[in-house]
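# Descriptive analysis of the structure
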Amino acid sequence: MRIDKYLKNARVIKRRTIAKEACEQGRVLVNGKNAKPGTEVNVGDEIEIIFGTKPMKIKVEQLLDHAMKDDAKEMYSIIN
């Protein structure tokens, strides 16, 4: 699954276009490497997102194409 779609489906970022812009600005890392919007993520990958001065590190637990609000929380776990 693409990183921009994953961040939107997991409800980490509200809109896919905002997730795409964050990737293009170099604020999203997948396994320690800068991610482009089309970067593929798999279960077990670690994603770091920099929101202003606060970095957020999560681990991919599930990949769901359509997730309800309750299911979205189970798609990732917060590491730090």
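Residues numbered from 1 in each chain as written. Predicted model: local features only at pLDDT ≥ 70, side-chain atom pairs only at ≥ 80, totals over all residues. Heavy atoms only, no water.

### As for the overall build of the protein
A tally of regular secondary structure across the protein gives three helices and five strands. Mapped from its N terminus to its C terminus, the protein presents α and β elements in the order α-α-β-β-β-β-α-β. Computed over its C-alpha atoms, the radius of gyration of the protein comes to 11 Å, within 12% of the 12 Å expected for a compact globule of 80 residues. By its C-alpha atoms, the protein is 30 × 25 × 20 Å across when sized along the principal axes. Surface accessibility of the protein: about 5,200 Å² in total, with carbon and sulfur atoms responsible for 47%. In the protein, which carries 16 positive and 12 negative side-chain charges, the distance between the mean positions of the two groups comes to 6 Å. (Helix = DSSP H or I, 4+ residues; strand = E, 2+ residues; numbered from the N terminus. Rg over C-alpha atoms; globule rule 2.2 N^0.38 Å. Areas by Shrake-Rupley, 256 points an atom, 1.4 Å probe, with all protein chains shown as cover. Lys, Arg positive; Asp, Glu negative; His and termini not counted. Charge placed at Lys NZ, Arg CZ, Asp CG, Glu CD.)

### Notes on the side chain of Asp 45
Mapped onto the fold, Asp 45 is located in the loop between β2 (33-34) and β3 (46-51). Buried within the structure, Asp 45 lacks any salt-bridge partner; its nearest side chain of opposite charge belongs to Lys 59, at an N-O separation of 9.4 Å. A polar contact is formed between the side chain of Asp 45 and the side chain of Asn 31, at a distance of 3.2 Å. Reaching out from Asp 45, the side chain makes a polar contact with the backbone nitrogen of Asn 42 at a distance of 2.8 Å. Ignoring anything within four residues of it in the chain, the contact list for Asp 45 reads Val 30, Asn 31, Glu 40, Ile 58, Lys 59 and Val 60. (Buried < 20%, exposed > 50% of the residue type's maximum accessible area, 1.4 Å probe, protein only. Salt bridge = Lys/Arg side-chain N within 4 Å of Asp/Glu carboxyl O. Polar contact = N/O pair within 3.5 Å; in protein donor to acceptor, adjacent residues only side chain to side chain. Contact = heavy atoms within 4.5 Å.)

### Overview of the pattern of salt bridges
Tallied over the full model, the rule gives five salt bridges. Asp 4 serves as the salt-bridge partner of Arg 16, at 3.4 Å between the closest nitrogen and oxygen. Pair noted here: Arg 16 is in helix α2 (residues 16-24) and Asp 4 is in helix α1 (residues 3-9), with a separation of 12 residues, a long-range link. Since its relative accessible area comes to 34%, Arg 16 is described here as partly exposed.

### Describing the environment of Ile 58
Within the secondary structure, Ile 58 is located in strand β4 (residues 54-60). You can call Ile 58 buried: its relative accessible area is 0%. Each C-alpha atom, one on Ile 58 and one on Glu 48, is 6.4 Å from the other, the two residues being 10 residues apart in sequence. Among all residues touching Ile 58, those that are not within four sequence positions of it are Val 12, Asp 45, Glu 46, Ile 47, Tyr 76, Ser 77, Ile 78 and Ile 79.

### What about the confidence of the model for the protein?
Detailed reading of the predicted coordinates is not advisable wherever pLDDT falls low. Here the protein averages 92 in pLDDT, and 100% of its residues register 70 or above. No element of the protein has a lower mean pLDDT than helix α3 (residues 69-72), which averages 86, and none a higher one than strand β1 (residues 28-30), which averages 95. (pLDDT = per-residue confidence, 0-100.)

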